[in-house]
Amino acid sequence: MAARVARFSNFNLVSLTLGLAFLYLPIVVLVVYSFNDSRLVTVWGGWSLRWYREFFQDDAMLAASWISLRVALASATAAAVLGTLAAVALSRAGSFRGRTLFSGMLYAPLVMPEVITGLSLLLLFVALNAERGFWTVAIAHTTLTMCFVAVVVQSRLGSLDRSVEEAAMDLGCGPVEAFFQATLPLIWPAIAAGWMLAFALSLDDLVIASFTTGPGSATLPIRIYSEVRLGVKPEINAICTLIIAVVTIAIVIASLASKLSRGRADSAAPM
Amino acid sequence: MSARQIFTRPARIAVIAPYLWMGLFFLVPFGFVMKISLSQSAIALPPYTPVFDLAAGWDALAAAFAELSLDNFRLLISDNLYVLSYLRSLTVAAVSTAILLVIGYPVAYAMARLPRGWQPLAMMLVIVPFWTSFLIRVYAWINILQHDGLLNKVLLWLHLVSAPVVWLSTDTAMYLGIVYSYLPFMVLPLYATLAKLPHALGEAAADLGCSPRQAFWLVTFPLSLPGIGAGVLLCFIPIVGEFVIPDLLAGSGSQMIGQTLWLEFFTNRDWPVASAIALILLAVLLLPLTIYERVQLRQLEGGR
Amino acid sequence: MIENVAKRSAPADASGAPLLQIEAVWKRFGGFVAVNRLSLDIRAGEFFALLGPSGCGKTTLLRMLAGFETPDSGRILLDGQDIAAVLPHQRPVNMMFQNYALFPHLSVANNIAFGLKRAGLPGREIRERVAEMVALVKLEGMERRKPDQLSGGQQQRVALARALARRPRLLLLDEPLAALDKKLRESTQLELMALQKRLGMTFIIVTHDQDEAMTVADRIGVMQSGRLAQVATPRQLYETPASRWVAEFVGDVNMLEGAIEARDHGRLTVATEGAGRISIAEPRQPIEATSVCIAIRPEKIKLSRRGPAADIDHADAMNRLDGEVAEVGYYGGLTSYKIRLDTGATLLAKMANTTRLDADAYRAGQHVVAWFAPDDCVALDK
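For every chain, the first residue of the written sequence is number 1, and numbering continues from 1 along that sequence. Both sets of labels track the order of writing: A upward for chains, 1 upward for ligands. Local features in this predicted model are restricted to residues of pLDDT 70 or higher, and side-chain atom pairs are both shown and tallied only at a pLDDT of 80 or more, whereas totals for entire chains, interfaces and linings draw on every residue.

Draft legend 1. View of the overall build of chain C. In this text, helices come from DSSP runs of H or I with a minimum length of four residues, and strands from runs of E with a minimum of two, each type numbered from the N-terminal end. Looking only at helices and strands, chain C features 8 helices and 20 strands. Projected onto its principal axes, the C-alpha coordinates of chain C cover approximately 75 × 50 × 40 Å. Sequence-distant contacts, at least 24 apart, represent 65% of the contacts inside chain C between residues at least 6 apart. Working definition of a contact: two residues with C-beta atoms, positioned from the backbone, lying within 7 Å.

What follows is the structure, encoded as structure tokens:
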């Protein structure tokens, strides 16, 4: 009937296309120009990989990339563990004293302006006389990203069919073992997605890292930012394209993996 | 009716680690912000005074306590620079959020109307830019908006302008950057809400005599209000404290409060004033933050 | 008024102490009482059904037996031990879940082996037991498949095999056949019965489907609002309901209310509203009240043009009611007739279609005599 045909109207098509184009245009431009042989971004000098070569020879940039990667790995993993624990607690522990405070603390960093969280963490580290560097940045990132993980995992736990857990208990698992045997296999895609989200957020963070880092521990965004303030530099295009490529591939893989396991979980129970 | 009691104890043990972590690294620091905001700047390490030295004995502590003052707060309230900065931040956030809603709603709506099989793909397409470095994407806009960048080239080629237009270091560029960066934050909650609405509602409205436009405004739109609320909060609150985008794209006129804080902290090395700015910003955001917390609670924990 | 009916009914096979004793169990959720001081005995080797409308508390009771809910007060004794507070994984009780709850990441064999691994059985024994279970539920060849590669009926068998693998003292089934289509449901019911008899295990099934309960169960406990309205064999439940509510809940029934006019030689004469004088047999427990409710099942009412033939036993003792056929409903094997009596009431009668060509069938508007024996009615409290 006419109604069904009109469901995805031309207006919808235009909105979606424009929206996606808007989102991807700058990225496409950036990727294209990273292969531009000319030093001037405004002139097209032909295809070349020279900026990639320059990046791999730029020790400062490479060092910063390495630090960023290690921080991201450490904080994402810590965030995945803590975030999952928090999500499990919120969805299974019923009401306990301090629950409102806990969930409040957990959801706040998602929207809190980073200048506030960055500043407060720095002041804490100074008061504790902690040496600022790799670990302070990692701790700061864990604190921020653990909340994202918790939200993702809690959302998945909420839509889970509890009877699989009960079946595990019925068959001889204590509650903790039932969680590991029955629930965890079902929610691991959400945990993995949370890990990836935490990884990307840590890799990308500028403000909090600026506040909490120490001498010699500049992360990649900090370096990029200081270069960018001086003007557009073609090498940055190359770095950015590399980051985009890595993240995109990772997301696609994660998406496919999650779809496979979700499909299995959803079709295991009859409608 | 689930096996609530059986899981309660292990779950309460599970909560200890994250609770302590967040308590120490999120809550406690605010205490320090408060303390520093009541202190004075000093050429020392750390660059503020007084410093509470717990080992120095009770008298020293009492003396240090007496040095605390509200001077910084008085400065912030009285000096126009800061007041204007707060106002500008709120205005920019409000305007940006409005633009985001106007742009984001049709996109989310279109996504929700796609055939079921296409929706995950569309969602991935929206998420991927979000995960590819915020800084990079802002930087990408600098590329395009430069004096001799892509945008001017296209405009000149289309004969829409006769000379290159200055885009960078303007408010327009800043708004563009903000809307661009926060678009996924508006689209995704909206899409989540719209996708959950049963198609049967629209069909029922049509069956009862609504034109498509009426069906939208009378049925779909009111039911999407929770998504709108979520999207608005997810954008407005962080935009108020934005630093990177105005710093890179906006002009050097009036600053947003995030820039002011950064300036005070890194350039002027005035930690106490920066702390005071942070606290007042927190106070300003208290109302939206509370609303946000309540919305999140209802959404994620409704029915517990 | 619902009475808390006693737990024991006529013993089919007196096998000593009951396996399961539920004593005065009480469970509330907030302000809502789900199970209201319920007591019940279940014998070893029984196939027991908990039947009732939704919200009556049968699922809550089942979950208390499994250990997923704890009673607020009362005891649950299994083999004489109170298990009310014992955690589910420590009970010798297993459950077959309504939506199967199979582990999607494990194969059929590993699903079945799951409980055995938790029990710490040696590998070889686990393999043997799994093979035994797979053969029992006729799923040979499917051991390596994952749940999402099975049909609904196959998934159900895996759930059953998994629950039986640990050889529990008691198997609980939570509306296990609800998701199956009619034919499959019926054949599975028969298979479940055969399985239960063969294994000699005690099964407790929760269902809202009366036909299912009547088919599979040795005894049925009908629940209403957290209480047991009656516990009896299917036949007793159908033919001798304990209360008006039970009579109306299980199957179709005609209800006639009236005042008792006379008692004479084990017969009561009741002056009913709308059906004239009806003669019924005096129930075993004499009725004290002056007014009573008469229940007659539709298939007990016979129809003919002139009433019972003279050569039928006790033809003159039959209740005869004149009336007109108001509606006819054809159901293949039987036809139902709504009869509007001359005295005002409406009766539902059902007759088997014993001949293919309906030469004798009654049509709407025809005059007819509805007759039935006094023994075919049951007198119930109003």
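There is more to say, and it comes next.
Draft legend 2. Inspection of the domain arrangement of chain A at higher detail. Residue and element names in this part refer to chain A. Its domain assignment divides chain A into domain 1 (9–48) and domain 2 (58–268). One C-alpha centre belongs to domain 1, the other to domain 2; they are set 29 Å apart. With 8 residues of domain 1 in contact, the opposing surface of domain 2 contributes 7 residues. By convention here, the domain bounds are inherited from an automatic or database domain assignment.

Draft legend 3. How the structure looks around the sheet that holds strand 10 (residues 227–232) of chain C. Residue and element names in this part refer to chain C. Pairing between strands requires that DSSP locate at least two bridges from one strand to the other. The 6 strands lie next to each other as 6-7-8-3-9-10, forming an open sheet whose pairing is mixed. Two strands bound the open sheet, and with one partner strand each, they are strand 6 (93–96) and strand 10. The mean angle between the axes of side-by-side strands here comes to 20 degrees, regardless of whether they run parallel or antiparallel. To obtain an axis, a line is fitted to C-alpha atoms, over the contacting stretch when the element is a helix, and the angle between two such axes runs from 0 to 180 degrees between their N-to-C directions.

Draft legend 4. Here's a closer look at the interface of chain C and chain A. Contact with chain C, which involves 26 residues of that partner, is made by 19 residues of chain A. Among the secondary structure elements, those contributing two or more residues to the side of chain C that touches chain A are strand 6, helix 2 (108–118) and helix 4 (152–164) of chain C. As a working rule, the residues Ala, Val, Leu, Ile, Met, Phe, Trp, Tyr, Cys and Pro are called nonpolar, Asp, Glu, Lys and Arg charged, and the rest polar, with Gly in that last group. Residues belonging to the side of chain C that touches chain A are distributed by class as follows: 14 nonpolar, 7 polar and 5 charged.

Draft legend 5. Seen up close, the interface of chain B and chain A. With 84 residues of chain B at the interface, the matching set in chain A holds 77 residues. Considering each element in turn, the side of chain B that touches chain A owes the most residues, 14 residues, to helix 2 (residues 16–37) of chain B. The residue makeup of the side of chain B that touches chain A, split by class, is 65 nonpolar, 11 polar and 8 charged.

Draft legend 6. Quick look at the domain arrangement of chain C. All names here are of chain C. Taken domain by domain, chain C comprises domain 1 (20–92 + 168–248) and domain 2 (252–380). The gap between the C-alpha centroids of domain 1 and domain 2 is 34 Å. Counting from both sides, the interface comprises 6 residues of domain 1 and, opposite them, 6 residues of domain 2. Residues belonging to the side of domain 1 that touches domain 2 are distributed by class as follows: 2 nonpolar, 2 polar and 2 charged.

Draft legend 7. Quick look at helix 9 (residues 175–204) of chain A. Residues and elements named next belong to chain A. End to end, helix 9 covers just 38 Å across 30 residues, shorter than the expected 44 Å (1.5 Å per residue, more than 12% under). Remark: the principal bend of helix 9, roughly 60 degrees, maps to Leu 184, with a proline, Pro 185, within the next four residues. Exposure criterion: with C-beta atoms placed from backbone coordinates, a residue whose C-beta has 20 or more other C-beta atoms within 10 Å is buried, one with 12 or fewer is exposed, and one in between is partly exposed. With 22 of 30 residues buried, helix 9 lies mostly within the body of the structure. Helices are assigned an expected span. That span is 1.5 Å times one less than the residue count. Values of bend correspond, residue by residue, to the angle between axes fitted over the seven residues ending at that residue and the seven starting there.

Draft legend 8. Spotlight on the packing of helix 7 (residues 134–158) of chain A against helix 9 of chain A. Residues and elements named next belong to chain A. Two elements in contact, helix 7 and helix 9, have axes whose closest approach is 9 Å; the angle formed by their N-to-C orientations is 155 degrees. With respect to their mutual orientation, helix 7 and helix 9 come out roughly antiparallel. You can see that helix 7 and helix 9 cross each other, and the crossing is right-handed. Judged by residue contacts, His 141, Leu 144, Thr 145, Phe 148, Val 149, Val 152, Val 153, Arg 156 and Leu 157 of helix 7 engage Ile 187, Ala 190, Ile 191, Ala 193, Gly 194, Leu 197, Ala 198, Leu 201 and Ser 202 from helix 9. Of the residues contributing to the contact of helix 7 with helix 9, the split by class is 13 nonpolar, 4 polar and 1 charged. For classification purposes, angles smaller than 35 degrees are called roughly parallel, those larger than 145 roughly antiparallel, those between 65 and 115 roughly perpendicular, and all remaining angles oblique. Handedness of a helix crossing follows the sense of rotation of the near helix relative to the far helix, less than a right angle counterclockwise being left-handed and clockwise being right-handed.

Draft legend 9. Here's a closer look at the environment of Ala167(A). With respect to the helices, strands and loops of the structure, Ala167(A) is situated in helix 8 (residues 163–170). Judged by the 28 C-beta atoms lying within 10 Å of it, Ala167(A) falls in the buried class. Sequence separation between Ala167(A) and Gly216(A) is 49 residues, and the spatial gap between their C-alpha atoms is 54 Å. Residues in contact with Ala167(A), not counting those within four places in the same chain, are Ala182(A), Phe97(C) and Ala101(C).

Draft legend 10. Structural context of the sheet that holds strand 14 (residues 291–296) of chain C. Residues and elements named next belong to chain C. The antiparallel open sheet is built from 5 strands, whose spatial order is 13-12-11-14-20. Lying at the two open borders of the sheet, with one neighbouring strand each, are strand 13 (276–281) and strand 20 (377–380). Ignoring which end each strand starts from, the neighbouring axes of this sheet average 40 degrees apart. By the bridge criterion, 6 bridges tie strand 11 (residues 254–264) to strand 12 (residues 267–272) in an arrangement that is antiparallel. Looking at the pairing, Arg 263 lines up with Leu 268 of strand 12.

Draft legend 11. A look at the confidence of the model for chain C. A score from 0 to 100, pLDDT tells how confident the predictor is in each residue. Considering every residue of chain C, the mean pLDDT works out to 88; 95% of them sit at 70 or more. Scoring of the predicted complex yields 0.80 for pTM and 0.84 for ipTM.

Draft legend 12. How the structure looks around the nonpolar core. For the purposes of this analysis, a nonpolar core is taken to be any set of buried Ala, Val, Leu, Ile, Met, Phe, Trp, Tyr and Cys residues that are connected through C-beta atoms within 7 Å. Ranked by internal contacts, the top residues of the largest apolar core, which has 282 residues, are Leu119(A), Ala108(B), Ala278(B), Ile112(C), Leu172(C), Ile204(C) and Ile294(C). If you tally residues by element for this core, the top one is helix 4 (residues 59–92) of chain A, at 16 residues. Dropping the residues within four chain positions of it, Ala108(B) is found in contact with Val187(B), Leu190(B), Tyr191(B) and Leu194(B).

Draft legend 13. Expanded view of the packing of helix 6 (residues 114–127) of chain A against helix 2 of chain B. Packing of helix 6 of chain A against helix 2 of chain B leaves a shortest axis separation of 8 Å and a crossing angle of 80 degrees. Here helix 6 of chain A lies roughly perpendicular to helix 2 of chain B, going by the angle between them. The residues of helix 2 of chain B that touch helix 6 of chain A, namely those facing Leu119(A), Ser120(A), Leu121(A), Leu123(A), Leu124(A) and Ala127(A), are Phe25(B), Val28(B), Pro29(B), Phe30(B), Phe32(B), Val33(B) and Ile36(B). Taken together, the residues that form the contact of helix 6 of chain A with helix 2 of chain B break down as 12 nonpolar, 1 polar and no charged.

Draft legend 14. Focus on the environment of Leu188(B). Residues and elements named next belong to chain B. Inspection of the secondary structure assignment puts Leu 188 in helix 9 (residues 171–196). Note on Leu 188: 21 C-beta atoms within 10 Å, which makes it buried. Sequence spacing of Leu 188 and Ala 94 is 94 residues, and the spatial spacing of their C-alpha atoms is 19 Å.

Draft legend 15. The arrangement of the pairing of strand 3 (residues 47–51) of chain C in detail. All names here are of chain C. The element strand 3 is largely enclosed, with a buried count of 5 among its 5 residues. Burial of strand 3 is two-sided: the residues Phe 47, Ala 49 and Leu 51 facing one way and the residues Phe 48 and Leu 50 facing the other way are all buried. Relative to strand 8 (residues 202–207), strand 3 runs parallel, the two being bridged by 5 bridges. Among the inter-strand pairings, Leu 51 is bridged to a residue of strand 8, identified as Thr 207. Inspection of the sheet shows strand 3 paired to strand 9 (residues 219–224) by 4 bridges, in the parallel sense. Note that in strand 9 the partner of Leu 50 across the bridge is Gly 221.

Draft legend 16. Summary view of unusual backbone geometry. Positive phi values are uncommon outside glycine, yet Ala24(C) reaches one of about 45 degrees. Counting through the fold element by element, Ala24(C) comes out in strand 1 (residues 20–29).

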